[in-house]
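Report on the structure
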Amino acid sequence: MTTETENKIRLTQYSHGAGCGCKISPAVLREMLRSDEVFPPDEKLLVGNEHNDDAAVYEMDRGQCLISTTDFFMPVVDDAFDFGRIAATNAISDVYAMGGTPILAVAILGWPVEKLPPSLAQKVLEGARFMCRMAGITLAGGHSIDSPEPIFGLAVSGLVKKEDLLRNNTAQEGDLLFITKPLGLGTITTAAKRGLVQDEDLQTAISYMCMLNKFGEVLGRMKGVHALTDVTGFGLLGHLIEMCDGSGLSAELSFEKIPVLPNLSHYHAQMIYPDMTMKNFQAYSAKCNSLDTPKLFTLCDPQTSGGLLVAVSPSALDDYLSAARNFGLGGIGDVCIGQMVPHAEKVVRV
């Protein structure tokens, strides 16, 4: 198939969902994961199924830990190379979200071979290889199947010292909250799928989705960073509630300080939002105070390859701000969006 013909193919039209917006809803996921079977405890498994964290963590020897994670989804953009870049960035992020360093990745590919040419799948893989090189790791192999819809992602391994391991359930009262990428990625990619996006807005979103959360490595070595997670399919509200519930605390958010993508209100005014937005709202709204429409659409927006949500002790604020600005995150990652407070009836107040 010629490149000209390939360019006319819109990958997002071959899938019913897009990016992390095709995640299973929190309520359905909880039912799927329920089990009456009890496994013998493994003292070396530091993070496993019983935790709502970003990756599994297994302690090896001399304080070194192995991080293991996988993430994959259906096309979030039409360009095959960009799809590969975004999916790879998103999967690698789970290692960074534990304060770790990725070391190896293998690919997970499902491709409708009767509908889409293999040359497009090759471009997806090339996009993933590019991002793996940016992360300093090798895409070392993988597995592929013939599937009804295109699916791509990575299984990623990483390393972290036990003392540097960051969790999403270890925030402390008084911690200040920061996020390293703007919200709205789900809305912009949904607008693109519907053919209603302005190209400049889409390119901005793609740039953020392809931005590695490598800052997580720095945070793992920083004293005073108490908790860390990345914001993906459950939106900022869902991932913050997971942090609060795990830590036995509540949180207060300053909505006007939360960074969002340019022109986001333009799309919300047209009632453009992913289906997952309302699923997130249904799952988490009981734990949050009443939200008006702009807040709902923003806080429940499923992010694909979103930013890091960081809980930082006030005593480490100067060190954190300096690190964020040195990492090029000034203007977003150095803006405090809220604070962890004592547990209250409403887990999150906006």
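Residues numbered from 1 in each chain as written. Predicted model: local features only at pLDDT ≥ 70, side-chain atom pairs only at ≥ 80, totals over all residues. Heavy atoms only, no water.

Some points on the packing of helix H3 (residues 80–96) against helix H4 (residues 118–135)
Relative orientation of the contacting elements H3 and H4 amounts to 40°, with a least axis distance of 7 Å. Here H4 runs oblique to H3, going by the angle between their axes. For the element pair H3 and H4, the recorded crossing hand is right-handed. Between H3, through Ala80, Phe81, Phe83, Gly84, Arg85, Ala88, Thr89, Ile92 and Tyr96, and H4, the contact on the second element is made entirely by Leu120, Lys123, Val124, Glu126, Gly127, Ala128, Phe130, Met131, Cys132 and Ala135. Its residues assigned to classes, the contact of H3 with H4 comprises 13 nonpolar, three polar and three charged. (Axes fitted to C-alpha atoms, helices over the stretch in contact; angles between N-to-C directions. Helix = DSSP H or I, 4+ residues; strand = E, 2+ residues; numbered from the N terminus. Parallel < 35°, antiparallel > 145°, perpendicular 65-115°, else oblique. Left-handed = near helix turned anticlockwise from the far one by under 90°. Contact = heavy atoms within 4.5 Å. Nonpolar A, V, L, I, M, F, W, Y, C, P; charged D, E, K, R; others polar.)

A closer look at unusual backbone geometry
A positive phi is found at arginine 62, a non-glycine position, where the angle reads about 55°. Within the secondary structure, arginine 62 is located in the loop between strand S2 (56–59) and strand S3 (64–73). Since its relative accessible area comes to 80%, arginine 62 is described here as exposed. Located in the positive-phi region is serine 305, a residue other than glycine, with phi close to 55°. Within the fold, serine 305 resides in the loop between helix H11 (293–299) and strand S10 (308–312). Serine 305 sits in the buried class, given a relative accessible area of 1%. (Buried < 20%, exposed > 50% of the residue type's maximum accessible area, 1.4 Å probe, protein only.)

Brief notes about the environment of alanine 105
Mapped onto the secondary structure, alanine 105 falls in strand S4 (residues 101–111). Look at alanine 105 and you get buried, because its relative accessible area is 0%. Measuring from C-alpha to C-alpha, the distance between alanine 105 and glycine 153 comes to 9.8 Å, with 48 residues separating the pair along the chain. Excluding residues that lie within four positions of it along the chain, alanine 105 makes contacts with Cys132, Ile137, Thr138, Leu139, Ala140, Gly141, Leu154, Ala155 and Val156.

A word on the sheet that holds strand S5 (residues 138–146)
Taking strand neighbours across the sheet as the criterion, the six strands line up as S1-S2-S3-S6-S4-S5 in an open arrangement whose pairing is mixed. Edge strands, defined here as strands with exactly one partner in the open sheet, are strand S1 (45–47) and S5. Between one strand axis and the next, the sheet turns by 20° as a mean value, whatever way the strands run. Examined bridge by bridge, S4 and strand S6 (residues 151–161) share nine bridges and lie antiparallel to one another. The partner of alanine 107 across the bridge, within S6, is leucine 154. (Pairing = 2+ DSSP bridges.)

Brief notes about the pairing of S4
In the sheet, S4 pairs with S5 via seven bridges, with the strands oriented parallel. Each bridged residue has a counterpart across the sheet, and for leucine 104 the counterpart in S5 is threonine 138. For the segment spanning S4, H4 and S5, crossover handedness is right-handed. (Right-handed = clockwise from strand over helix to strand, strands pointing away.)

Things to note about the packing of aromatic side chains
A complete count under the given rule lists eight aromatic pairs for this structure. Ring plane angle 25° and centroid distance 4.6 Å describe the contact between tyrosine 273 and phenylalanine 297, whose orientation is recorded as stacked. Of this pair, tyrosine 273 sits in the loop between helix H9 (264–268) and helix H10 (275–284) while phenylalanine 297 is found in helix H11, placing the two residues 24 residues apart along the sequence. (Phe/Tyr/Trp six-rings, centres within 6.5 Å; stacked < 30°, edge-to-face > 60°.)

Concerning the sheet that holds S10
The sheet built from six strands is open, its strands ordered S8-S10-S7-S11-S9-S12 with mixed pairing. The sheet is open, and its two edges are formed by strand S8 (225–230) and strand S12 (348–349), each paired on a single side. Bridge analysis of strand S9 (residues 249–253) against S12 gives two bridges, and the strand direction is parallel. Considered in S12, the bridge of glutamate 252 is made with arginine 349. Sheet contacts for helix H8 (residues 235–247): strand S7 (176–179), S8, S9, S10, strand S11 (338–342) and S12; angle to S9, the most-contacted strand, approximately 145°. Packed onto the sheet, helix H12 (residues 317–326) meets S7 and S10 and runs at close to 5° relative to S7.

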